Amino acid sequence: MPISTAIAHTNIALIKYWGKKDAQLILPYSNSLSLTLDQFYTQTSAQPAQEDSFILDGQVQHGPALAKVSQFLDLIRDHLNTSQKLAITSQNHVPTAAGLASSASGLAALTLSATSALGATLPRKELSRLARRGSGSACRSIYGGFVEWQKGSDDATSYAVPLDVHEAVHLDIAIIALVVSKRPKKIASRAGMASTVATSPFYPAFVKSNAVDLKAMKKAIVAKDLAAIGQIAEANALKMHATNLGAQPPFSYFLPETLQAIEAIHELRAKGFLCYFTMDAGPNLKLICAGSDSEALMQALQAKLPEVTMILAKPGPGAHLVS
Ligand code: PMV
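To keep things clear, this report deals only with the structure shown in the data block. Everything numeric in this text was worked out from a predicted model, so none of it was measured.

## Remarks on the overall build of the protein
Consideration 1: In terms of helices and strands, the protein carries eight helices and 14 strands.
Consideration 2: Taking 323 residues into account, the globule formula puts the C-alpha radius of gyration at 20 Å, and the protein, at 19 Å, falls close to it.
Consideration 3: Overall, the protein is about 60 × 40 × 40 Å in size when its C-alpha atoms are taken along their principal axes.
Consideration 4: Going through the 323 residues of the protein one by one, you find that 52% of them count as buried.
Consideration 5: In the protein, 75% of the contacts between residues at least 6 apart in sequence involve partners at least 24 apart.
Consideration 6: Of the roughly 13,900 Å² of accessible surface on the protein, a fraction of 56% belongs to carbon and sulfur atoms.
Consideration 7: Averaging the locations of the 29 positively and 24 negatively charged side chains of the protein gives two centres separated by 5 Å.

## Looking at the sheet that holds strand β12 (residues 285-290)
Consideration 1: Read across the open sheet, the four strands follow the order β11-β12-β10-β13; overall the sheet is antiparallel. Whereas interior strands pair on both sides, the edge strands pair on one side only; in this sheet they are β11 (276-279) and β13 (309-313). Taking the axes of each pair of neighbouring strands and ignoring which way they run, one obtains an average angle of 30° across the sheet.
Consideration 2: With five bridges joining them, strand β10 (residues 173-179) and β13 adopt antiparallel strand pairing. Following the sheet pairing, V179 is matched in β13 by T309.

## What about the environment of G106?
Consideration 1: Relative to the helices and strands, G106 is located in helix α2 (residues 103-117).
Consideration 2: Looking at G106, the relative accessible area reads 15%, which means it is buried.
Consideration 3: The spatial distance from the C-alpha of G106 to the C-alpha of E167 is 20 Å, given a sequence separation of 61 residues.

## A short note on unusual backbone geometry
Consideration 1: Here the amide bond leading from Q248 into P249 is cis, since omega sits at 0°, within 30 degrees of zero.
Consideration 2: Along the chain, the position of P249 falls in the loop between α6 (226-245) and α7 (256-270).
Consideration 3: If you check the backbone angles, I26 has positive phi at about 55° while not being a glycine.
Consideration 4: Mapping I26 onto the fold places it in the loop between β2 (20-22) and β3 (27-28).
Consideration 5: Using a relative accessible area of 1% as the deciding quantity, one classes I26 as buried.

## Remarks on the side chain of N244
Consideration 1: Along the polypeptide, N244 turns up in helix α6.
Consideration 2: In this structure N244 comes out as buried when scored by relative accessible area, which is 0%.
Consideration 3: In this structure the side chain of N244 is engaged in a polar contact, spanning 2.9 Å, whose partner is the side chain of T196.
Consideration 4: If we ignore the near neighbours within four places in the chain, the residues touching N244 are W18, T196, P250, F251 and Y253.

## Some thoughts on the packing of aromatic side chains
Consideration 1: Scanning all chains against the criterion turns up five aromatic pairs.
Consideration 2: Seen in terms of ring centroids, W18 and Y253 are 6.2 Å apart; in terms of plane orientation they differ by 80°. Their pairing is edge-to-face. Here W18 is found in the loop between β1 (4-15) and β2, whereas its partner Y253 is found in the loop between α6 and α7, with 235 residues between them in sequence.
Consideration 3: Here Y253 falls in the buried class, since its relative accessible area comes to 4%.
Consideration 4: Taking 5.7 Å as the distance between ring centres and 85° as the angle between the ring planes, the aromatic pair formed by F251 and Y253 counts as edge-to-face. The same class applies to F251 and to Y253, which are both buried.
Consideration 5: Among the aromatic residues, those joined into a cluster by ring pairs are W18, F251 and Y253.

## Quick look at the packing of helix α1 (residues 63-80) against helix α3 (residues 124-134)
Consideration 1: Running from N to C, α1 and α3 point in directions that differ by 150°, and their axes come no closer than 9 Å. Considered as vectors, α1 and α3 are oriented roughly antiparallel to each other. At the point where α1 passes α3, the crossing takes the right-handed sense. Contacts between α1 and α3 pair F72, L75, I76 and H79 from the former with E126, L130, A131, R133 and G134 from the latter.

## What to know about the site of the ligand
Consideration 1: Lining the immediate surroundings of the ligand are 14 residues, of which A13, Y17, S135, S137 and R140 lie closest.
Consideration 2: S135 has a polar side-chain atom sitting 3.1 Å from an oxygen atom of the ligand.
Consideration 3: A distance of 3.4 Å separates an oxygen atom of the ligand from a polar atom in the backbone of G136.
Consideration 4: Look at the ligand: alone it shows 380 Å² of surface, and the protein chains cover 91% of it.
Consideration 5: Across the shell around the ligand, the residue classes tally to six nonpolar, five polar and three charged.

Cut-offs and rules
- Residues numbered from 1 in each chain as written.
- Predicted model: local features only at pLDDT ≥ 70, side-chain atom pairs only at ≥ 80, totals over all residues.
- Heavy atoms only, no water.
- Helix = DSSP H or I, 4+ residues; strand = E, 2+ residues; numbered from the N terminus.
- Rg over C-alpha atoms; globule rule 2.2 N^0.38 Å.
- Buried < 20%, exposed > 50% of the residue type's maximum accessible area, 1.4 Å probe, protein only.
- Contact = heavy atoms within 4.5 Å.
- Areas by Shrake-Rupley, 256 points an atom, 1.4 Å probe, with all protein chains shown as cover.
- Lys, Arg positive; Asp, Glu negative; His and termini not counted.
- Charge placed at Lys NZ, Arg CZ, Asp CG, Glu CD.
- Pairing = 2+ DSSP bridges.
- Axes fitted to C-alpha atoms, helices over the stretch in contact; angles between N-to-C directions.
- Polar contact = N/O pair within 3.5 Å; in protein donor to acceptor, adjacent residues only side chain to side chain.
- Phe/Tyr/Trp six-rings, centres within 6.5 Å; stacked < 30°, edge-to-face > 60°.
- Parallel < 35°, antiparallel > 145°, perpendicular 65-115°, else oblique.
- Left-handed = near helix turned anticlockwise from the far one by under 90°.
- Near = heavy atom within 4 Å.
- Nonpolar A, V, L, I, M, F, W, Y, C, P; charged D, E, K, R; others polar.

This is how it looks when you write it as structure tokens:
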């Protein structure tokens, strides 16, 4: 039986997805916008088999981990009108303890390898819709460069689109992952956003402001204005995290180490470095800067934060088949 192998890279949201209108279909309240990275990817192979199976990073998975993959494969099988089971082997290429979630790259690679192993060559809009059902942010990893997830209003209309038709990035941008803590995160994004939507009085304000930020971000990208991109992304991330403080019970992804790193970033900014941060459902930060400044910035930051692991990433490609 032929094996289909796909690679998908992770993406970092500059305008955040935080909150579902429909948890079953994974339809968000807001559009979001991300940059796909060249580091941190998942390589996944799928092959027709008697039963579904799942090997992740060399470990055979059973129980809930296998059930989650199998349920997602059911969605793909329904879509393609087949009952064919699949053997899945997946490898995450994320530097050890990078503290970065692999759900976006993982579900995007799984979508592409599984559909291909089932004999289908789907348009990327359909791949994006399917990946969305596995993990919302995965729908953006189908494409490279800057990508917008258009929230749509139902399953058919909620998918990602690249900002540039060639998925090219026309400015010198880099992302430095700052691993401030290796402690596992306290609240998964799924549970965190659900609680915030249901209980935080700040949530409607976030949704309103996300639409304004998205517009400004798209303008800044077209203008190649890296300072504006950084400013908008940092403010947008802080607004997302502010909604969590308003939830009942309140929660936060910030750790003391996160705040220390933010202070160091602010100090470097005061010294004239162009650097801003964004932050997702965990304590680690992603620095947004110019590629040409990245080495100097990493040196300056490392001197202030000797404990922090730093990994440099540049814009990367969309999901693709390698065999
Ligand atoms: O796709 P999920 O369920 O892992 O949620 C991702 C949520 C954030 O990373 C916090 C924001 C985003 O847009 O990626």
